[in-house]
Amino acid sequence: MADNSKAEDTASDSVDAAKNASDKKEKLADQVMQNPQVLAALQERLDNTTLTPSSYIETLPKAVKRRIDALKQLQVKCAHIEAKFYEEVHDLERKYAALYQPLFDKRREFINGEAEPTDAESEWHSENEEEEKLAGDLKNAVVIEEKAEAEETNVKGIPDFWFTIFRNVDMLSELVQEYDEPILKHLQDIKVKFSEPGQPMSFSLEFHFGPNDYFSNTVLTKTYKMKSEPDKTDPFSFEGPEIVDCEGCTIDWKKGKNVTVKTIKKKQKHKGRGTVRTITKQVPNDSFFNFFNPIKVSGDGESLDEDSEFTLAADFEIGHFFRERIVPRAVLYFTGEAIEDDDNFEEGEEGEEEELEGEEEGEEEEDAESDAKV
């Protein structure tokens, strides 16, 4: 009984101590809040607090919010008109692709040695014409034996044209393995084909190959399906057509030449008898030609894992790059001029940013000097 009484007294003392501590805190808080300097500091902090756009909208009267909702309705209608605009742009691309095609056909003939350009067609005045003339004069001074040897070499067209582009462009060279290279040297042309009028928006890449020891296909295709309409659940995210899926083709590999798989040997031990046997199996292998066997976007709404989403996004980017840059400007990627232009543009942007930062720092220094004078 005595022990129970002591325990009750101890508990009561703890409650009283906690209550006294709470009372002291409340009194201290009251004293602090009555301090004019503390109140002024709190008010200044509240005044300097930046309202976010969403928190500002919440403070507006109901009638104003109603008008804002009406503006959003107008914005959705604008997005649908913009989608129609891009559909007409796609029609224009198809129209002008037909105008470009005769030029691209002639390009293919020159590359593959099917035709030889005339003097007028091969005349080109470069920016470094004087330097090139001097270099040409030096070449003419080469000994007759070397000149004769060069003339005896019968070079057809422009060797390894498309393969050189793959090698020059980082985005593509990262995909190419050493065992892909001899196959890509048979690549003769790359074409872009747009979907026909009335068909869902899409474009196809056609890779035309000459006879080779690796597969029997003459053309490998990759089709990119596009969507040009605002998302019903998020219409304000619409920024134009986007690639939503892609479809490759079956490569008819010749026996033992499929570079997209590799054969490995694996030992298996029998659980009961303890005997060991060696089996061979094929597993996926890194190769550019996996480009023609892309990941499929799930049609049942299931989301892809993070790695698959990254791979698919990279695939879409490569397809877009072929369509917008590589095919229309192939010769400039062969010579490297287009790559230099891209690099210079990126460096220019960084330079401008650095220059602006420098100006801001200068302004801060000037402000500091003027404050010091005052």
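Residues numbered from 1 in each chain as written. Predicted model: local features only at pLDDT ≥ 70, side-chain atom pairs only at ≥ 80, totals over all residues. Heavy atoms only, no water.

When the terminal C-alpha atoms of helix α4 (residues 62–111) are compared, their 68 Å separation across 50 residues agrees well with the 74 Å that a helix rising 1.5 Å per residue should span. Bending of α4 peaks at approximately 35 degrees at the position of Tyr100, with proline Pro102 no more than four residues after it. Looking only at α4, the buried set comprises Ala79, Ala83, His90, Arg94, Ala97, Gln101, Phe104, Arg107 and Ile111. Those residues of α4 that are buried lie in contact with α8 (161–168), β1 (187–194), β2 (202–209) and α12 (330–335). Gly113 lies just past α4 and shows a positive phi near 75 degrees. (Helix = DSSP H or I, 4+ residues; strand = E, 2+ residues; numbered from the N terminus. Expected span 1.5 Å × (residues − 1). Bend = angle between axes of the 7 residues up to and from the residue. Buried < 20%, exposed > 50% of the residue type's maximum accessible area, 1.4 Å probe, protein only. Contact = heavy atoms within 4.5 Å.)

A full pass over the atoms with the stated rule returns 25 aromatic pairs. Ring geometry for Tyr86 versus Phe238: centroids 6.3 Å apart, planes at 70 degrees, classification edge-to-face. With a gap of 152 residues between them, Tyr86 in helix α4 and Phe238 in the loop between β3 (219–227) and β4 (242–247) connect regions that are remote in the sequence. Site record: aromatic cluster; members linked through ring pairs are Phe166, Phe207, Phe209, Phe215, Trp253, Phe288, Phe289, Phe291, Phe292 and Phe322. The cationic tip of Lys257 hangs over the ring face of Tyr214; the distance from NZ or CZ to the ring centre is 5.5 Å. Over the ring of Phe203 we find Arg323, and its NZ or CZ is 4.8 Å from the ring centre. (Phe/Tyr/Trp six-rings, centres within 6.5 Å; stacked < 30°, edge-to-face > 60°. Lys NZ or Arg CZ within 6 Å of the ring centre and 35° of its normal.)

Take the side chain of Asp180 next. As for its position among the elements, Asp180 is in the loop between α9 (170–173) and α10 (181–184). No salt bridge is formed by the buried Asp180; the nearest opposite charge belongs to Lys257, separated by 13 Å. Here the side chain of Asp180 touches Ser287 through a polar contact of 2.8 Å, side chain to side chain. Ignoring sequence-local partners within four residues, the contact set of Asp180 consists of Leu175, Val259, Ser287, Phe288 and Phe289. (Lys, Arg positive; Asp, Glu negative; His and termini not counted. Salt bridge = Lys/Arg side-chain N within 4 Å of Asp/Glu carboxyl O. Polar contact = N/O pair within 3.5 Å; in protein donor to acceptor, adjacent residues only side chain to side chain.)

A few words now on the pattern of salt bridges. Should their charged atoms come close, side chains of opposite charge can pair. On inspection of all chains with the given rule, the structure shows 13 salt bridges. Residue Glu93 is joined to Arg323 by a salt bridge in which the shortest nitrogen-to-oxygen separation is 2.6 Å. Taken together, the residues Glu93 in helix α4 and Arg323 in helix α11 (residues 306–326) connect sequence positions 230 residues apart. Two residues, Glu242 and Lys227, come together in a salt bridge whose shortest N-O distance is 3.9 Å. Highlighted residues: Glu242 in strand β4 and Lys227 in strand β3, separated in sequence by 15 residues. What emerges from the salt-bridge pattern is a single network uniting Glu93, Arg323 and Glu324.

Attention now moves to a nonpolar patch on the surface. On the surface, Leu92, Tyr96, Leu99, Tyr100 and Leu103 cluster together into a nonpolar patch covering about 540 Å² of accessible area. The topology assignment puts Leu92 in helix α4. A relative accessible area of 46% places Leu92 in the partly exposed class. (Patch = residues over 30% accessible without salt bridge, like charges linked within 9 Å, V, L, I, M, F, W, Y side chains within 5 Å. Areas by Shrake-Rupley, 256 points an atom, 1.4 Å probe, with all protein chains shown as cover.)

A word on unusual backbone geometry. One non-glycine residue, Asp160, lies in positive phi territory at about 55 degrees. Here Asp160 lies in the loop between α7 (144–152) and α8.

Right, let's talk about the confidence of the model for the chain for a bit. On average, residues of the chain score 80 in pLDDT, and 70% of them are at 70 or above. In this model, residues 353–361 is a region of pLDDT below 50 whose contacts with residues beyond four sequence positions or in other chains number 0 contacts. (pLDDT = per-residue confidence, 0-100.)

The next thing to look at is the layout of surface pockets. Any space left empty among the atoms is revealed by the rolling of a water-sized probe across them. Here the largest pocket defines a volume of roughly 1,100 Å³. Surrounding the largest pocket, 31 residues form its lining, Trp124, Val331, Leu332, Thr335 and Glu337 being those nearest its centre. Those elements giving two or more residues to the lining of the largest pocket turn out to be α4, α5 (119–122) and α12. The biggest single contributor to the lining of the largest pocket is α4, with 6 residues. Estimated volume of the second largest pocket: approximately 540 Å³. Taken together, 19 residues line the second largest pocket, and the ones lying closest to its centre are Leu175, Thr311, Ala314, Asp315 and Ile318. With 7 residues, the top contributor of residues to the lining of the second largest pocket is α11. Considering only residue class, the lining of the second largest pocket consists of 10 nonpolar, 5 polar and 4 charged. (1 Å grid on protein atoms, 1.4 Å probe; cavity = no way out; pocket = protein on both sides within 12 Å on 5 of 7 lines; lining within 4 Å. Points joined across faces, edges and corners; volume = space filled by probe spheres on them. Nonpolar A, V, L, I, M, F, W, Y, C, P; charged D, E, K, R; others polar.)

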